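The primary structure of each chain is shown beneath.
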Amino acid sequence: MVRVRFAPSPTGYLHIGGARTALFNYLFAKHNDGKFILRIEDTDKERSTKESETEILESLKWLGLDWDEGPGKSADDSLYYQTRRLPVYHRHAEKLLSENKAYKCFCTKEELDAERKKAEAQKRAFKYDGRCGLLTKEQAAQKEADGMPYVVRVRVAQTGETIVNDIVRGEVKVQNSTLDDIIILRTDKMPIYNFVVVVDDVEMGITHVIRGEDHLSNTPKQIHIYKALGFPIPQFAHIPLILGADKSKLSKRHGETAVLRYKESGYLPEALVNYLALLGWSPDNEDTIFSMEQLISKFALERVHKSGAMFDNKKLTFINGVHIRNKSADELTKLCIPYLLKSGVITDDDVKNRHDFIKHTIVLQQEKLQVLSEISDLSAYFYKDDYDMNEDAKKVWEKNAGERGKVLEIFGKIISETGVDKAKLEERLKVDMEAAGIKPKVFMHVIRVVLSGTTMGPGLFDIAETFGLEKCMARIKKYGC
RNA sequence: GCCGCUAUCGUCUAACGGUUAGGACACGGGGUUCUCAAUCCUGUAAUAGGAGUUCGAUUCUCCUUAGCGGUACCA
């Protein structure tokens, strides 16, 4: 049974990179009928916050990456928060200590920092020499009795090499001599990441560790801890990093990277999932648009590739547009209403009383929408009366100064006689305008700018019909003769 | 500095050692159209450099270069 996990530390929002890691874990689990587990790595007490955790959970849910085990999924949530599992880590640390696979190190952070600096100045690699590991039992006991603070380190053999067997990268070899003894417990007894991750992955029965490439260099250390603990080593898969425009790891300084910001901007979760899946992975065909179900059935770690991928908002936006076009009228309406409300284009009363009208105006813009938030600017003129022509519209207006009066006169006459039914309107308008010797391009453009105040938008007859007779007449009056 | 990873169009990527190096986004041209969009057709554009193995290398090996990641009592 495949068991994978996503293990964020609640020190900030869920960003694009974390979301992609979660997604790959999720897809792999679901593809293999396995379990996707969520664990909160909150051992950094300084930086962890409840707000971050809440946002991360909300982001995952929004993306549709619901977890099988984790917070909110069992009677006892404490299993999934590392700060609530401290006795577990301490038990394993005690065992290592008693087996002499770990030792107490009394060197202070200050001492070590000084040595590190010195080594750096001499352009030497710094490595802890393991001197406290040479202390006799009595010496160590004495120091402890003297009240000296200590960390716990796991001994690392200095000969031979450690091989990380990685599904995406193959064999990665590291000389053990480049590793130093690994700190697993701080002076305040809080366990360190490299230790808790191993203990938890084993205790939770994790079979595949899928995470970002930035963890690759930690892996040899973790393998040493697995071995010291006598634990089986899981399969590793280190996925390529997502990069910003400058090719460095995507981070806050590259602008908005929070998943929830994408939600606010009007991106669909299925579009973000679709795009993220294509970053570092590719299907065995040339398709680009996928639903979650399709991704699950196609996903394979073997097709994850090795190099980092730049995040391209343009492609995300394109994919978002495709998913928007695939929405039904009702779904799209539901999705757009919050944006219309937020921008003040419509009110809660409108939602109650003019639902069909709102739906109609949204559907008119469906094929044009790339992100949901654009709906407000695109359809504002359906909801207000006091708007003027924009610059482009004025140009069209001026350009047709010769015919515009006549156009409006005929248009006004037609709608007052036959109404604004779009089929009838189109038919009569063409006939009458031709009789008056006015070309379609001219009258269409003139009527369009008068009605909407802009040069682009849905079909002219759709606009007129949606406006209704009264509003059309008001617009004619505003610009008419 | 040291350790590790990576290298195909501008970007995301495909290609049992044999292809006119394919697709997608973006960009350009054209068809359709009342505009924009959508849609259809179409164009520009890539194997970082150098050795080697091989009949044949984008693909395997080595070197160089470049980029990235790690180098914490962060995760």
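Above this note sits the structure.
Residues numbered from 1 in each chain as written. Chains lettered and ligands numbered in written order. Predicted model: local features only at pLDDT ≥ 70, side-chain atom pairs only at ≥ 80, totals over all residues. Heavy atoms only, no water.

Moving on: the protein's contact with RNA strand B. Around RNA strand B sit 59 residues, and of these Thr43, Asp44, Arg186, Glu367 and Lys368 come closest. Close to the protein, within 4 Å, the atoms of RNA strand B belong to sugar or phosphate groups at a rate of 74%. Asp44 is positioned with one of its side-chain polar atoms (N or O) 2.5 Å from a sugar or linking oxygen of RNA strand B. Within the backbone of Gly457, a nitrogen or oxygen atom sits 2.6 Å from a base nitrogen of RNA strand B. Of the residues forming the surface near RNA strand B, the biggest block, 4 residues, is contributed by helix 11 (residues 313-325). Residues belonging to the surface near RNA strand B are distributed by class as follows: 18 nonpolar, 18 polar and 23 charged. (Near = heavy atom within 4 Å. Polar contact = N/O pair within 3.5 Å; in protein donor to acceptor, adjacent residues only side chain to side chain. Helix = DSSP H or I, 4+ residues; strand = E, 2+ residues; numbered from the N terminus. Nonpolar A, V, L, I, M, F, W, Y, C, P; charged D, E, K, R; others polar.)

Turning next to the nonpolar core. Residues Leu276 and Phe311 are the most contacted members of the largest nonpolar core, which totals 105 residues. For this core, the leading source of residues is helix 1 (residues 16-31), giving 9 residues. Ignoring anything within four residues of it in the chain, the contact list for Phe311 reads Ile16, Ile242, Leu243, Leu250, Tyr262, Tyr275, Leu276, Leu279 and Leu316. (Core = buried A, V, L, I, M, F, W, Y, C linked by side-chain atoms within 4.5 Å. Buried < 20%, exposed > 50% of the residue type's maximum accessible area, 1.4 Å probe, protein only. Contact = heavy atoms within 4.5 Å.)

Further remarks concern helix 1. With 16 residues, helix 1 should reach 22 Å at 1.5 Å per residue; the first-to-last C-alpha distance of 22 Å fits that figure. Within helix 1, 14 of the 16 residues are buried, which leaves the element mostly enclosed by the surrounding structure. Directly after helix 1, the chain includes Asp33, whose backbone phi takes a positive value near 55°. (Expected span 1.5 Å × (residues − 1).)

The next point concerns the environment of Pro338. Mapping Pro338 onto the fold places it in helix 12 (residues 329-342). The spacing of Pro338 and Leu372 is 34 residues in sequence and 9.5 Å in space, taken between C-alpha atoms.

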